[in-house]
Amino acid sequence: MKCVDDFRLRLGSHELIPIVVGGMGVDISTSTLAVEVARLGGIGHISDAMVHTVTDRRHGTHYVKDRLKQYKFNVGNLLDKSVAQFDLGLLAEATRLHVGKTMEAKRGPGLVFVNCMEKLTMNNPRETLRVRLRAAMDAGIDGITLAAGLHLGSFALIQDHPRFHDVELGIIVSSLRALQLFLKKNARHERLPDYIVIEGPLAGGHLGFGADWAEHDLAAIVAEIRAWLHAEHLDIPLIPAGGIFTGGDAVRFLEQGAAAVQVATRFTVTRECGLPDDVKQAYFRASADQIEVNNTSPTGYPMRMLKGCPAVGSGARPNCEAFGYLLDGAGHCQYAELYARELARLPKGQKIRIWDKTCLCTHMRNFDCWTCGHYTWRLKETSVREADGGYRLLDTEHVFRDYLHSTGDEIGLPIVKEDEY
Ligand SMILES: Cc1cc2nc3c(=O)[nH]c(=O)nc-3n(C[C@H](O)[C@H](O)[C@H](O)COP(=O)(O)O)c2cc1C
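Numbering of residues begins from 1 in every chain and follows the order in which that chain's sequence is written. In keeping with the model being predicted, local features are shown solely for residues with a pLDDT of at least 70 and side-chain atom pairs are shown and tallied solely at 80 or more, while totals for entire chains, interfaces and linings include all residues.

Chemist: Help me understand the overall build of the chain, please; the structure alone is not making it clear to me.
Modeler: Each helix is a run of H or I in the DSSP string that is no shorter than four residues. Each strand is a run of E no shorter than two, and both are numbered from the N terminus. Looking only at helices and strands, one finds 13 helices and 13 strands in the chain. Here the C-alpha radius of gyration of the chain, 21 Å, is about what a compact globule of 421 residues would show, namely 22 Å. Dimensions of the chain, computed from the C-alpha atoms along their principal axes, are close to 65 × 60 × 45 Å. Put simply, a residue is buried when 20 or more other C-beta atoms lie within 10 Å of its own C-beta and exposed when 12 or fewer do; between those, it is partly exposed, and each C-beta is set from the backbone. A buried classification covers 50% of the 421 residues belonging to the chain. In the chain, of all internal contacts separated by at least 6 residues, the share reaching a separation of at least 24 is 74%. Based on C-alpha atoms, the radius of gyration is set beside the globule rule, defined as 2.2 Å times the residue count to the power 0.38. For every residue pair, C-beta atoms are placed from the backbone, and the pair is scored as a contact if these atoms sit within 7 Å.

Right, here's the structure in full:
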């Protein structure tokens, strides 16, 4: 029976283990996790979501405090945050710091990519995206995965960068239609994406589907895209993602022609993952009926999360002057608008609780929005219980090697001795 180690991913001049650990913002797929995956020969992702917060936490900068100080005068203005612009120079600096430190730490044969979400509109969608992409390239990132959005204009933002043809550039799509749009819009750049991540309906984070997400099937979307690329004589590596929980699941896709698989959920309970330990334990304990897809993200995309996580119904005061990553080009966020409505409606002093949307920046920053993959409820199958009843956290190396060597639907528990790896 075949295992993932029987396959290799060829990307440009690189020969890699065909395991990609997907980007998980905000700082859930940490630099440490990404660098460890690269050391093992795969592709690890960092995310540039809320990069100022991440560098403040990791590198002692104080971008968020300074931004709040600058725009504090506007905190009470809930309906118009357009004044709270991001300083593009500081955004570039923070991105270079985050990416640069990660790349300095990188060892071994694998690669580190950055996940760059278009829906992080940051009060100035085009310019902030331009700065984020270019700063990551300046700082030596191996590749950029364009995520959460159609990215119709993203290649144009970087086409004159000296590394445009050297950095691996990929796009995440959830349908053939989205891929066709992307390729059509970017045709004039004479550069195809180097890889395509096809994210199905069982993934964590935001989903590229509507309310009918459950009617879609990853394998069917992959087959449709593969057939179309073949008919167009286009040869671009395909990387399915979403619900690939075991080595056996991965092998099924690789045998059908996938170049690699992108996985994430299994790594959320590793020591290297940025989630706090109590959240990792909540993921381990989760039952299938606790995992839902809801519409509480102000991005407008459905998002999968654990029911009852602190982000939903919290009524946090909008923090757009400190964060503001989801402000559209006109300075609006759906959550801030709902908050303003409740503030006006409720008697003074009554606690505000909002269920329709979450203050996503604040809650992702505080690890209170427990976004997760569909199979999070199966994580308990991947570990052992400690004497105190909690589950043992896993090493990234253990999970990676389990994907690599397991056959069928076996899952190796963390009882193997180090030298058995
Ligand atoms: C906790 C968590 C956070 C995620 N955050 C992001 C993100 O910020 N951007 C993104 O493009 N995908 C995000 N994803 C999706 C993953 O990168 C990946 O494609 C997908 O979850 C793979 O499916 P799996 O989790 O079933 O293995 C996230 C997934 C999880 C589990």
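Still more to cover.
Chemist: Would you take a moment to explain the sheet that holds strand E12 (residues 291–294) for this structure?
Modeler: Sheets are built from strands paired through backbone hydrogen bonds, the pairs being either parallel or antiparallel. Read across the sheet, three strands follow the order E9-E13-E12 without closing on themselves; strand pairing throughout is antiparallel. For this open sheet the edge positions go to strand E9 (205–206) and E12, each flanked by a neighbour on one side alone. Pairing between strands requires that DSSP locate at least two bridges from one strand to the other. Pairing analysis gives four bridges linking E12 to strand E13 (residues 303–306), with the strands arranged antiparallel. Across the sheet, Val293 pairs through a bridge with Arg304, a residue of E13.

Chemist: Would you mind going over the environment of Gln159 with me for this structure?
Modeler: Note that Gln159 resides in the loop between helix H6 (154–158) and strand E7 (168–173). Of the residues examined, Gln159 has 14 C-beta atoms within 10 Å and is grouped as partly exposed. Spatially, the C-alpha atoms of Gln159 and Arg191 are 9.2 Å apart, while their sequence positions differ by 32 residues. Not counting the four nearest positions on each side in its chain, Gln159 is found in contact with Phe164 and His189.

Chemist: I would appreciate a short explanation of helix H13 (residues 396–405) in the present structure.
Modeler: Residues lying three or four places apart along an α-helix face the same way, a consequence of the helix completing one turn every 3.6 residues. Burial runs high along H13: seven of the 10 residues are buried. Regarding H13, the residues found buried are Thr396, Val399, Phe400, Arg401, Asp402, Tyr403 and Leu404. Where H13 is buried, its residues touch strand E3 (19–21), helix H1 (31–39), helix H9 (247–255) and strand E11 (261–263).

Chemist: Just to check I follow, could you spell out the site of the ligand for this structure?
Modeler: Here, nearness means that the C-beta atom of a residue, built from backbone geometry, sits within 6 Å of the molecule or strand in question. The environment of the ligand is formed by 30 residues, the closest being Gly22, Ala147, Gly204, Gly205 and Gly373. Within the residue set of the shell around the ligand, elements represented by two or more residues are strand E5 (111–117) and E11. Looking at the shell around the ligand, its residues break down into 15 nonpolar, 14 polar and one charged. Just so you know the grouping, Ala, Val, Leu, Ile, Met, Phe, Trp, Tyr, Cys and Pro go in nonpolar, Asp, Glu, Lys and Arg go in charged, and all remaining residues, Gly too, go in polar.

Chemist: What am I meant to see in the packing of H1 against helix H4 (residues 88–105) here?
Modeler: Geometry of a packed helix pair, given as the angle between the helix axes and the separation of the axes. Orientation is described by axes fitted as lines to C-alpha atoms, over the contacting stretch for helices, and by angles from 0 to 180 degrees between their N-to-C directions. Following both chains from N to C, one finds H1 and H4 inclined at 35 degrees, their axes separated by 9 Å at the closest point. Crossing of H1 over H4 shows right-handed handedness. Contacts from Ser31, Ala34 and Val35 in H1 reach Lys101, Thr102 and Ala105 in H4. Residue composition of the contact of H1 with H4, grouped by class: three nonpolar, two polar and one charged. By definition, any crossing whose near helix is turned counterclockwise from its far helix by less than a right angle is left-handed, and any crossing with a clockwise turn is right-handed.

Chemist: Whenever I open this one, the pairing of E13 confuses me. Can you help?
Modeler: Burial along E13 is two-sided: the face carrying Met303 and Met305 and the face carrying Arg304 and Leu306 are both buried. As judged from the two bridges shared by E9 and E13, these two strands associate in the antiparallel manner. Residue pairing for E13: Gly205 is matched across the bridge by Arg304.

Chemist: Which parts of the structure should I look at to understand helix H5 (residues 125–138)?
Modeler: Taking 1.5 Å of rise per residue, the 14 residues of H5 would be expected to cover 20 Å, and the 20 Å separating its terminal C-alpha atoms lies within 8% of that figure. Every buried residue of H5 is accounted for by Leu129, Arg130, Val131, Arg132, Leu133, Ala135, Ala136 and Met137. In the core, the buried residues of H5 are packed alongside H4, E5, strand E6 (143–147) and H6. Directly after H5, the chain includes Gly140, whose backbone phi takes a positive value near 90 degrees. Here the expected length of a helix is defined as 1.5 Å per residue gap, with one fewer gap than residues.

Chemist: Please explain the pairing of E5 as it appears in this structure.
Modeler: It is a general feature of regular strands that their side chains alternate between the two faces of the sheet. By the criterion of burial, E5 is predominantly enclosed, with seven of the seven residues buried. Residues Leu111, Phe113, Asn115 and Met117 line one face of E5 and the alternating positions Val112, Val114 and Cys116 line the opposite face, and both faces are buried. Summarising the sheet, strand E4 (residues 43–47) and E5 pair through five bridges and their orientation is parallel. The residue of E5 that forms the bridge with Ile46 is Val114. Relative to E6, E5 runs parallel, the two sharing five bridges. What sits directly across from Met117, in E6, is Ala147. Clockwise travel from the first strand over the helix to the second, with the strands pointing away from the viewer, marks a crossover as right-handed. Chirality of the crossover, the property in question, places the unit of E5, H5 and E6 among those that are right-handed.

Chemist: Honestly, unusual backbone geometry in this entry has me stumped. Any pointers?
Modeler: Most peptide bonds adopt trans geometry, and most residues besides glycine take a negative phi value. Of note, the amide linkage connecting Gly25 to Val26 takes the cis form, showing an omega dihedral of 0 degrees. At Met50, a position not held by glycine, the phi torsion is positive, near 50 degrees. Summarising the element assignment, Met50 is placed in the loop between E4 and helix H2 (51–59).

Chemist: Teacher, can you tell me more about the environment of Asn74 here?
Modeler: Tracing the backbone through its elements, the reader meets Asn74 in the loop between helix H3 (63–71) and H4. Owing to 16 C-beta atoms within 10 Å, Asn74 belongs among the partly exposed residues under this scheme. In the structure, Asn74 is positioned 246 residues away from Cys320 in sequence and 9.3 Å away in space, judged by C-alpha atoms. Residues within four places of Asn74 in sequence aside, it is in contact with Lys81, Val83, Ala84 and Glu321.

These figures capture arrangement, not role.
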